Amino acid sequence: MTLVPVIAIDGPTASGKGTVASLVAEQLGFHYLDSGALYRLVALASEKEGIDVKNGPELGVLAEKLSISFEKGQILLNGADVTEAIRSEAIGLRASTLATHPEVRRALVGLQHAFRKAPGLVADGRDMASVIFPDAIVKVFLTATAEARAERRYKQLIAKGISAKLEDLLRDLQERDARDSSRGTAPLLIAEGAQVLETSDLSVDQAVKTVLDWYRSKAA
Ligand code: CDP
C-alpha cells in the first residue's frame, strides 16, 4: 500500500504558512490541514468553559471531546460557526500558551492524522514535519524576519478594519516565537530533512511555486 503523500509546512507566527499551504493544496487538489486552528478551537472552547490556561489535564480532556468540523471554508465548534471568533490576537495568544501542555497536544493527534486522505495533504503548523507527519515527502520550514512578519500581520488587520500598532504586534510576535521555540513538547524547530524557505523578499506566488517545485522533484 502506498501512503498518501503529505507536504508539511512549519514555521513561526505570521510567516504566511497558511496562505502558502492552502494555495499549494488548491494547486495540487490536495486536502489542507490548518493545525493552528485546532489549538485556537481549544483556546476558544476552554475560555467559554472558564478552564484555566495552566490546567493541562483539564484542557486535554476538553480537547478530546470537542466536536469540530471544517466545511466549505467554515469552522464549526459544537455546531456553531466560529470561523472569525478563533482569529483574534487574544485567542492566538491563549492558543500558544495552552499548546505547551503535552495533554492538549496528545489529544489532537488523532484528529490531525484523520486529515491524511487521498490524493494528498498539505499540513501547516509547528510540528507537522517533526511529530505529526514525520514521513512527509516534503518538509518546509517557512519563515521571514520578525519585522516582515509584523508588517504582514499589521496589513492583514488594517485591511479587516481592525486597529493595530506595529510595535505591539512585533512584541507579541517575538513573545510567541520565544514560547513556541522553547517549550519542552514539540517545539518549533527546523525538522531533520526540512528545507528552509525564507520569504521576507518573496511574493506569495514565488513561495507557492518553490514549494510546488520541491514537491514535484521529490514525487518524480
Ligand atoms: O496565526 P499564527 O501562525 O500565529 O498561529 P496558528 O498557526 O493559528 O497557531 C496558533 C498557536 O497554536 C501557535 O502560536 C502555536 O503556539 C500553536 N500551534 C502549535 O503549537 N502547534 C501547531 N501544530 C500549530 C499551532
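None of the values given here were measured: they were computed from a predicted structure. (Residues numbered from 1 in each chain as written. Predicted model: local features only at pLDDT ≥ 70, side-chain atom pairs only at ≥ 80, totals over all residues. Heavy atoms only, no water.)

Student: Any chance you could break down the site of the ligand for me, citing the residues and the numbers?
Tutor: Taken together, 19 residues are adjacent to the ligand, and Thr 13, Arg 40, Arg 105, Arg 176 and Asp 180 come closest. Measuring from a nitrogen atom of the ligand, one finds a side-chain N or O atom of Ser 35 at 2.9 Å. Between an oxygen atom of the ligand and a side-chain N or O atom of Arg 183, the distance comes to 3.0 Å. In isolation the ligand exposes 520 Å². Once the protein is present, 95% of that is buried. Elements represented by at least two residues in the shell around the ligand include exactly helix 2 (35-48), helix 4 (89-98) and helix 9 (166-182). (Near = heavy atom within 4 Å. Polar contact = N/O pair within 3.5 Å; in protein donor to acceptor, adjacent residues only side chain to side chain. Areas by Shrake-Rupley, 256 points an atom, 1.4 Å probe, with all protein chains shown as cover. Helix = DSSP H or I, 4+ residues; strand = E, 2+ residues; numbered from the N terminus.)

Student: Could you give an account of the sheet that holds strand 3 (residues 68-71), naming the residues involved and the relevant values?
Tutor: Read across the open sheet, the 3 strands follow the order 3-4-5; overall the sheet is antiparallel. At either end of the open sheet lies a strand with only one pairing partner, and these are strand 3 and strand 5 (80-81). The sheet contact formed by strand 4 (residues 74-77) and strand 5 spans 2 bridges and is antiparallel. Paired with Leu 76 across the two strands is Asp 81, which belongs to strand 5. (Pairing = 2+ DSSP bridges.)

Student: Tell me about the domain arrangement of the protein chain, and name the residues and values.
Tutor: Along its sequence, the protein chain is carved into domain 1 (1-30 + 119-220) and domain 2 (35-117). On a C-alpha basis, the centroid separation for the pair domain 1 and domain 2 is 19 Å. Of the roughly 1800 Å² buried between domain 1 and domain 2 on both sides combined, carbon and sulfur atoms contribute 48%. The largest contributions to the domain 1 side of the interface with domain 2 come from Ile 132, Arg 176 and Arg 179, which together make up 29% of the buried area. Here domain 1 is connected to domain 2 by 4 salt bridges. The partner of Glu 89 in a salt bridge is Arg 153, with the nearest N and O atoms 3.6 Å apart. Here domain 1 and domain 2 share 7 residue pairs in polar contact (both at pLDDT 80 or more) between them. (Domains from an automatic or database assignment. Buried area = accessible area lost by both parts, 1.4 Å probe. Salt bridge = Lys/Arg side-chain N within 4 Å of Asp/Glu carboxyl O.)

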